[in-house]
Amino acid sequence: MMNKQMTMKQACLLVGSIVLVCCGICLYGLQKPVSNLELKDCRTSDLAVQRYIECLTKKDYTSLYEDSLLIQSNYNEKEAYCLKLKEIFEDVDLSKLCYIEKMYYGTLRYDLIYEDEKICSLSIQEVDHGKWVCATVFNDGTDYVIESPIGVNPTVNGMVVDERFIKEKEVIASNFVGVNKDEEAPIVNQYVIENAFEEPRIGVVGDLMHAYGSIKSVTSNTYYVGEIVNDEAYTKMFEMYTKRLSGMPSREVSKVDVIEYIVAGSELQDRLKTVQTDWFTDYDESYYDSLEVGTIISQSPNTAIANTTFGYYTGSDEVSRMWSGGYQLTLMKDEGIMKMASLGVNSELNPNR
């Protein structure tokens with residue numbers, strides 16, 4: 001006779017299957033055809049979606065771009081934005097579009113579903129008394145943070161970024177967190193740009209002499225803004241520190257000779273104290289095939305940041321290798337000397353990697 005008693009494992013599998021099926025049914029059940037957004041008995045937010053669909057039908061992407069500018073989430077360029085909309089909806093049968101309504105951090109959104117796949121979302125906001133508009137939230141959109149010195153207002157793709165976009169006011173620049181010299185670290189406003197599908201062009205309001213530049217963090221989608229430094233002495237300094245750092249693992253430079261040029265008490269100093277240098281193969285010859293310093297910017301007096309790349313060769317009769325690397329080095333004046341405050345390592349900075 002078959003044992004009718006179900007094991008615990010079988011029971012869990014059954015329950016899990018039921019939950020998955022129910023979730024699928026619920027998701028499908030929440031989908032509503034966009035064509036059901038009738039004028040009668042329709043909320044103003046629904047009318048915004050209806051306008052969105054009408055513009056898509058007419059291929060009027062310019063109007064949708066202009067609507068999006070009324071909502072905080074968009075700083076994409078007009079031509080690129082319209083082209084993106086065309087790519088998404090060009091082969092979509094708009095009569096078969098469905099939507100799922102949801103709240104996103106207190107903001108109403110519609111996920112647009114086509115053939116059971118989400119193709120984008122719509123952020124819906126009231127921008128004037130009784131006027132609601134939509135902005136497209138692209139599936140591959142990215143949020144960026146811009147850190148700009150106090151009193152320096154950034155632009156993105158030629159458009160002014162105003163105070164509505166400030167996430168944090170008057171905070172320590174993120175590349176100086178962990179330096180433990182708060183009174184000397186740059187103080188910045190952090191602006192957040194949402195839903196960008198291309199790398200933004202960062203500028204500064206009123207910078208007619210192009211005195212300001214920006215450098216993207218190698219570890220996050222953060223841009224640092226500062227004054228461009230055109231000083232050969234700074235270039236030589238970044239070259240020297242790059243050689244010291246890259247030469248330490250090979251024991252061409254001692255760890256002591258590196259640590260003495262790091263801001264005392266910083267996280268970087270603690271990290272490099274523990275770096276192992278006994279794994280490198282012995283070599284007879286070494287040299288730098290290339291060493292370049294990119295744009296240097298100063299986020300505040302007595303600080304500087306730049307990307308450096310290098311090709312470092314070591315060789316012997318038995319083995320040889322060219323090391324291609326990239327550093328993002330932040331410097332700060334400490335005890336009268338510009339020392340290393342933080343370090344980002346990313347070999348992708350080097351095109352010859």
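Definitions and cut-offs
- Residues numbered from 1 in each chain as written.
- Predicted model: local features only at pLDDT ≥ 70, side-chain atom pairs only at ≥ 80, totals over all residues.
- Heavy atoms only, no water.
- Core = buried A, V, L, I, M, F, W, Y, C linked by side-chain atoms within 4.5 Å.
- Buried < 20%, exposed > 50% of the residue type's maximum accessible area, 1.4 Å probe, protein only.
- Helix = DSSP H or I, 4+ residues; strand = E, 2+ residues; numbered from the N terminus.
- Contact = heavy atoms within 4.5 Å.
- Phe/Tyr/Trp six-rings, centres within 6.5 Å; stacked < 30°, edge-to-face > 60°.
- Axes fitted to C-alpha atoms, helices over the stretch in contact; angles between N-to-C directions.
- Parallel < 35°, antiparallel > 145°, perpendicular 65-115°, else oblique.
- Left-handed = near helix turned anticlockwise from the far one by under 90°.
- Nonpolar A, V, L, I, M, F, W, Y, C, P; charged D, E, K, R; others polar.
- Patch = residues over 30% accessible without salt bridge, like charges linked within 9 Å, V, L, I, M, F, W, Y side chains within 5 Å.
- Areas by Shrake-Rupley, 256 points an atom, 1.4 Å probe, with all protein chains shown as cover.
- Salt bridge = Lys/Arg side-chain N within 4 Å of Asp/Glu carboxyl O.
- Lys, Arg positive; Asp, Glu negative; His and termini not counted.
- Charge placed at Lys NZ, Arg CZ, Asp CG, Glu CD.
- Pairing = 2+ DSSP bridges.
- pLDDT = per-residue confidence, 0-100.
- Disulfide = S-S within 2.5 Å.

Participant: How do you make sense of the nonpolar core when you look at a structure like this?
Facilitator: Note on soluble globular proteins: their nonpolar side chains tend to be buried together. With 29 residues, the main nonpolar core has Tyr52, Phe89, Leu112 and Ile119 as its most contacted residues. Breaking this core down by element, the ones donating at least two residues are α2 (44-57), α3 (61-68), α4 (78-89), β3 (107-114), β4 (117-128) and β5 (131-138). Residues in contact with Ile119, not counting those within four places in the same chain, are Ile88, Phe89, Val92, Leu97, Leu112, Tyr114 and Asn139. Judged by nonpolar contacts, the second largest core, of 23 residues, contains Val229, Met237, Leu268 and Met338.

Participant: What's the story with the packing of aromatic side chains in this structure? I'm lost.
Facilitator: Remark: the centre distance and the inter-plane angle together describe each pair of aromatic rings, the angle taken between the planes. Under the counting rule described, the total for this entry stands at eleven aromatic pairs. Geometrically, the ring pair formed by Tyr65 and Tyr81 is edge-to-face, given 5.3 Å between the ring centres and 65 degrees between the ring planes. In this pair, Tyr65 sits in helix α3 while Tyr81 sits in helix α4, placing the two residues 16 residues apart along the sequence. The pair Tyr65 / Tyr81 is uniform in exposure class, with both members buried. Where Tyr288 meets Tyr312, the ring centres are 4.8 Å apart and the plane angle is 25 degrees; that geometry is what we call stacked. Here Tyr312 lies in strand β16 (residues 303-315) and Tyr288 lies in strand β14 (residues 285-293), a separation of 24 residues in the sequence. The buried category is assigned to Tyr312, whose relative accessible area is 2%. The structure contains a cluster of three or more aromatic residues connected by ring pairs, namely Tyr65, Tyr81, Phe138 and Phe197.

Participant: How do you make sense of the packing of α3 against α4 when you look at a structure like this?
Facilitator: Working note: a packed helix pair is described by the angle between its axes plus the distance between those axes. At a closest axis distance of 9 Å, the pairing of α3 and α4 adopts a crossing angle of 120 degrees. By the angle between their axes, α3 is oblique relative to α4. Handedness of the α3/α4 crossing: right-handed. Residue-level inspection shows Tyr61, Thr62, Leu64, Tyr65 and Ser68 of α3 in contact with α4, the latter providing Lys78, Tyr81, Cys82, Leu85 and Lys86. The residue inventory of the contact of α3 with α4, partitioned by class, reads six nonpolar, two polar and two charged.

Participant: Help me out: how do you make sense of a negative patch on the surface in this one?
Facilitator: On the surface, Asp93, Glu115, Asp116 and Glu117 cluster together into a negatively charged patch. Inspection of the secondary structure puts Glu117 in strand β4. For Glu117, a relative accessible area of 54% corresponds to the exposed category.

Participant: I keep staring at the sheet that holds strand β8 (residues 159-160) and nothing clicks. Help me out?
Facilitator: Hydrogen bonds along the backbone pair up the strands of a sheet, which may run parallel or antiparallel. In space, the three strands of this open sheet follow the order β8-β7-β11, with antiparallel pairing throughout. Only two strands of the sheet have a single partner each, and these edge strands are β8 and β11 (202-204). Pairing geometry for strand β7 (residues 154-156) and β8, over two bridges, is antiparallel. Residue pairing across strands places Thr155 opposite Val160, the latter belonging to β8.

Participant: Can you walk me through the pattern of salt bridges in this structure?
Facilitator: Tallied over the full model, the rule gives twelve salt bridges. Between Asp334 and Lys339 there is a salt bridge; the shortest N-O distance is 3.8 Å. Exposure class is identical for Asp334 and Lys339. Each is buried. Connected through shared salt-bridge partners, Lys181, Asp334, Glu335 and Lys339 make up one network.

Participant: What is the right way to look at the confidence of the model for the protein in this model?
Facilitator: Caution is warranted with low-pLDDT regions, since their predicted coordinates should not be read in detail. In the predicted model, the protein carries a mean pLDDT of 85, and the fraction of residues at 70 or more is 86%. In the predicted structure, residues 1-6 sits below a pLDDT of 50 and forms two contacts with residues beyond four places in sequence or in another chain. A low-confidence stretch, residues 8-29 (pLDDT under 50), is modelled with four contacts involving residues beyond four sequence positions or located in other chains.

Participant: Teacher, can you tell me more about the state of the cysteines here?
Facilitator: Between two cysteines, a covalent bond joining their sulfur atoms is known as a disulfide. Tallied over the entire structure, the rule returns zero disulfides. Among the cysteines around Cys120, which has no disulfide bond, Cys134 carries the closest sulfur, lying 9.9 Å off.

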